[in-house]
Amino acid sequence: MGDSLVAHIGILAAQWSLAAVFLAASIPKLLDRRRFVGVVLAYDVLPIGLVRPFALVLPWIEFGVGASLLIGLAPRPTAAASSALFLCFMAALGVNVLRGRMDLSCGCFGSGHTVGWLALLRDVLLFGVSLYIAVCGDGSTGVWRWLVPASALPSSVEPGAATVSLCTFLGLLVTGRPIRQLQHHTKARIANDWTLAR
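All values derive from a computational prediction rather than experimental measurement.

To continue, consider the overall build of the chain. Scanning the chain from N- to C-terminus turns up eight helices and zero strands. Each helix and strand of the chain, placed in order from N terminus to C terminus, yields the pattern α-α-α-α-α-α-α-α. The buried share of the chain, taken over its 198 residues, is 40%. In the chain, 76% of the contacts between residues at least 6 apart in sequence involve partners at least 24 apart. Approximately 10800 Å² of the chain is accessible, and the part contributed by carbon and sulfur atoms is 70%.

Right, let's get into the layout of surface pockets. Volume-wise, the largest pocket comes out at about 490 Å³. Along the wall of the largest pocket there are 27 residues; nearest its centre are Phe54, Leu58, Glu62, Phe89 and Ala92. Counting only elements with at least two residues in the lining of the largest pocket, the list comes to helix H1 (2-31), helix H2 (33-43), helix H3 (48-71), helix H4 (75-98) and helix H5 (117-136). Ranked by residues supplied to the lining of the largest pocket, first place goes to H4 with six residues.

In this section: the packing of H4 against H5. Interaxial distance between H4 and H5 falls to 8 Å at its minimum, and their mutual angle equals 160 degrees. The orientation of H4 with respect to H5, classified from their angle, is roughly antiparallel. Crossing of H4 over H5 shows left-handed handedness. Split into classes, the residues belonging to the contact of H4 with H5 amount to 19 nonpolar, four polar and two charged.

Once that is clear, we can look at the pattern of salt bridges. A full pass over the atoms with the stated rule returns two salt bridges. Here Asp123 and Arg122 are joined by a salt bridge, their closest N and O atoms 3.9 Å apart. Judged by its relative accessible area of 5%, Asp123 is buried. A relative accessible area of 24% means that Arg122 is categorised as partly exposed.

Turning our eyes to something else, we now look at the packing of H3 against H4. Viewed as axis vectors pointing N to C, H3 and H4 meet at an angle of 145 degrees, and their least axial separation amounts to 9 Å. Of the two elements, H3 crosses H4, and the hand of that crossing is left-handed. Of H4, the residues touching H3 (which contributes Leu58, Ile61, Glu62, Val65, Ser68 and Leu69) are Pro75, Thr78, Ala79, Ser82, Leu85 and Phe89.

Rules used throughout
Residues numbered from 1 in each chain as written. Predicted model: local features only at pLDDT ≥ 70, side-chain atom pairs only at ≥ 80, totals over all residues. Heavy atoms only, no water. Helix = DSSP H or I, 4+ residues; strand = E, 2+ residues; numbered from the N terminus. Buried < 20%, exposed > 50% of the residue type's maximum accessible area, 1.4 Å probe, protein only. Contact = heavy atoms within 4.5 Å. Areas by Shrake-Rupley, 256 points an atom, 1.4 Å probe, with all protein chains shown as cover. 1 Å grid on protein atoms, 1.4 Å probe; cavity = no way out; pocket = protein on both sides within 12 Å on 5 of 7 lines; lining within 4 Å. Points joined across faces, edges and corners; volume = space filled by probe spheres on them. Axes fitted to C-alpha atoms, helices over the stretch in contact; angles between N-to-C directions. Parallel < 35°, antiparallel > 145°, perpendicular 65-115°, else oblique. Left-handed = near helix turned anticlockwise from the far one by under 90°. Nonpolar A, V, L, I, M, F, W, Y, C, P; charged D, E, K, R; others polar. Salt bridge = Lys/Arg side-chain N within 4 Å of Asp/Glu carboxyl O.

Right under this line is the structure:
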């Protein structure tokens, strides 16, 4: 009983810590979306046409993952999704570390953080935490389980995935521009940012 309680508390602490990381990472990006587009562009790892859509959607995915982990909506699948995100982050950081671009803003938690071995190590550790929750979590941690009994949830509903999807959809509604405006402004803005970044 004691070992089970300690393990449960450990998983809950890891889950909430990871939730705090994702929420803290998403909010500065949502508050300054134009700056984050420039950060993604400067990484120089995505095709130009994907830079702006990626920069607009990613903060809401991070916010959805953080909210889902905090509330406890399907923490194991959500942690698996966060593991995939950290793999992408590590790849982008690793490429630029190997390029020697140590003065590049990493865009992780707003300004003041740069690409480097320390940022890469941080993502490796967070990847390990995500993997730990995904593999060892019991799916019953978080505020949600205290508020809503498991028996009250439909077995056919995956709440964690639904939360992430809903936040992403809301993000597109709030931050996305109409197609005509995107076609009119995106090429000129990306070309200008690309010139400045180079």
